[in-house]
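Spelled out from the first residue to the last, the chains are:
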Amino acid sequence: MSRLPALGPRGEGWVVLQFLLLGLVVVAGIRFGGFANGLPAPAIAWVGLALMGSGALLLGRGLLDLGRHLTPVPHPRDDAQLVVSGVYAHARHPIYGGLMLTAFGWGLASASPLTLALAVVLVVFFGLKSRREEAWLIARYESYPAYMARTKRFVPYLL
């Protein structure tokens, strides 16, 4: 079992923290980014937009592939089955990966060092949250350790 706290019977506290961090990322880009201090260099902005687009695609594909097994909390639903097809054949947590890519892209596109720093905090947070979630998944699905061994954690083929 994980030494990380559950933060609620189904991990509700992890979700609250996630939304707070994501909100901080958005606000930091608006309040402290290039919109207030001068726009980023065009090449950097384009890289940021590309990361945001890639992140949105990965996030969307993760949501679609989970389908009815989707839950906002990290604890699996009682009636859920382990999804290992689609994008989940290549990454165990593509929704988290998509959010991370989008956050870094937003930091670049908004020319906000604070947003980039918060994106790093988000990566650490999702690393911890995914470990807590995986402890529940290992306890629930006998095949999960083998699945972990053959797939990346967040981004297919990369991370």
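Described in the following lines is the structure provided in the data block. All figures in this text were calculated on a predicted structure; none of them were measured in a lab.

### Describing the pattern of salt bridges
Phase 1: On inspection of all chains with the given rule, the structure shows four salt bridges.
Phase 2: With its nearest N and O atoms 2.9 Å apart, the salt bridge here joins R61 to D65. You can see R61 and its partner D65 sitting in helix 3 (residues 42-66), four residues apart, about one turn around the helix.
Phase 3: Ionic pairing is found between R77 and D79, a salt bridge with its closest N-O pair at 2.9 Å.
Phase 4: Sharing partners across several salt bridges, the network here consists of R92, E134 and R153.

### Considerations on the side chain of E133
Phase 1: One can find E133 in helix 5 (residues 113-140).
Phase 2: The side chain of E133 sits in the buried core without any salt bridge; K129 is the nearest counter-charge, 5.4 Å away.
Phase 3: Non-local contacts of E133, meaning those with residues more than four positions away in its chain, are made with P74, H93 and Y96.

### Digging into the side chain of H93
Phase 1: Its place among the elements puts H93 in the loop between helix 3 and helix 4 (94-109).
Phase 2: At 2.9 Å, the side chain of H93 and the side chain of E134 are in polar contact.
Phase 3: The contact partners of H93, leaving out residues within four places of it in the chain, are S130, E133, E134, Y144, R153 and F154.

### Points about the packing of aromatic side chains
Phase 1: Counted under the stated rule, the structure contains four aromatic pairs.
Phase 2: For the pair Y96 and F126, a centre-to-centre distance of 4.6 Å together with 15 degrees between the ring planes defines the contact as stacked. Note that Y96 is positioned in helix 4 and F126 in helix 5, a separation of 30 residues in sequence. Of the two residues, Y96 and F126, both sit in the buried class.
Phase 3: Aromatic rings pair up to connect W14, Y96, F125 and F126 into one cluster.
Phase 4: The ring of W136 carries R132 above its face, with NZ or CZ at 4.0 Å from the centroid.

### Some words on helix 4
Phase 1: Spanning 16 residues, helix 4 covers 22 Å between terminal C-alpha atoms, matching the ideal 22 Å at 1.5 Å per step.
Phase 2: Counting buried residues along helix 4, 12 of its 16 residues qualify, which places the element largely inside the surrounding structure.
Phase 3: Those residues of helix 4 that fall on the buried side of the exposure criterion are P94, I95, Y96, G97, G98, L99, M100, A103, G105, W106, G107 and A109.

### Side note on a nonpolar patch on the surface
Phase 1: Together, L7, V16, L17 and L20 give the surface a local cluster of nonpolar side chains, amounting to about 340 Å² of exposed area.
Phase 2: Position of L20 relative to the elements: it lies in helix 1 (residues 12-31).
Phase 3: Taking relative accessible area as the criterion, L20 reaches 53% and is therefore assigned exposed.

### Let's talk about the layout of surface pockets
Phase 1: Computed from the structure, the largest pocket encloses a volume of approximately 600 Å³.
Phase 2: In terms of lining residues, the largest pocket is bounded by 33 residues, among which L66, L70, T71, I95 and E133 are the most central.
Phase 3: At the level of secondary structure, the elements contributing two or more residues to the lining of the largest pocket comprise helix 1, helix 3, helix 4, helix 5 and helix 6 (144-150).

About the cut-offs
- Every chain is numbered independently, its residues counted from 1 as its sequence is written.
- Totals for whole chains, interfaces and linings use all residues, but because this is a predicted model, local features are given only for residues with pLDDT of at least 70 and pairs of side-chain atoms are given and counted only at 80 or more.
- Calculated side-chain values reflect all of the structure's heavy atoms, with hydrogen atoms and water omitted.
- What makes a salt bridge here is a side-chain nitrogen of Lys or Arg within 4 Å of a carboxyl oxygen of Asp or Glu, nothing more.
- Here a strand is any run of E in DSSP of at least two residues, a helix any run of H or I of at least four, and the numbering for each starts at the N terminus.
- For every residue, the accessible area (1.4 Å probe, protein chains only) is compared with the maximum for its type, and the residue is labelled buried under 20%, exposed over 50%, or partly exposed between those bounds.
- Charge convention: Lys and Arg are scored as positive, Asp and Glu as negative, and His as well as the terminal groups of each chain are ignored.
- The contact definition used throughout considers only heavy atoms, calling two residues in contact when any of these lie within 4.5 Å.
- Pairs of N or O atoms within 3.5 Å make up the polar contacts considered here, provided that, within protein, one atom can donate a hydrogen while the other can accept it, and that residues adjacent in sequence are counted only when both atoms are side-chain atoms.
- Aromatic pairing here means that ring centres of Phe, Tyr or Trp (its six-membered ring) are within 6.5 Å. Orientation follows from the plane angle: under 30 degrees is stacked, over 60 is edge-to-face, and everything else is tilted.
- Only when the NZ of Lys or the CZ of Arg is both within 6 Å of the ring centre and within 35 degrees of the ring normal is a charge said to sit over the ring.
- Each residue after the first adds 1.5 Å to the expected span of a helix.
- Excluding any residue in a salt bridge, patches collect residues exceeding 30% relative accessible area, merging like charges within 9 Å and nonpolar Val, Leu, Ile, Met, Phe, Trp and Tyr side chains within 5 Å.
- What sets the accessible areas is the Shrake-Rupley method with a 1.4 Å probe; for residues, cover comes only from the shown protein chains.
- Points on a 1 Å grid, built from protein atoms alone, make a cavity when a 1.4 Å probe fits but cannot get out and make a pocket when they are open with protein on both sides within 12 Å along at least 5 of 7 lines; residues with an atom within 4 Å of a point are the lining residues.
- Grid points are joined across faces, edges and corners, and a volume is the space filled by probe spheres set on the points.

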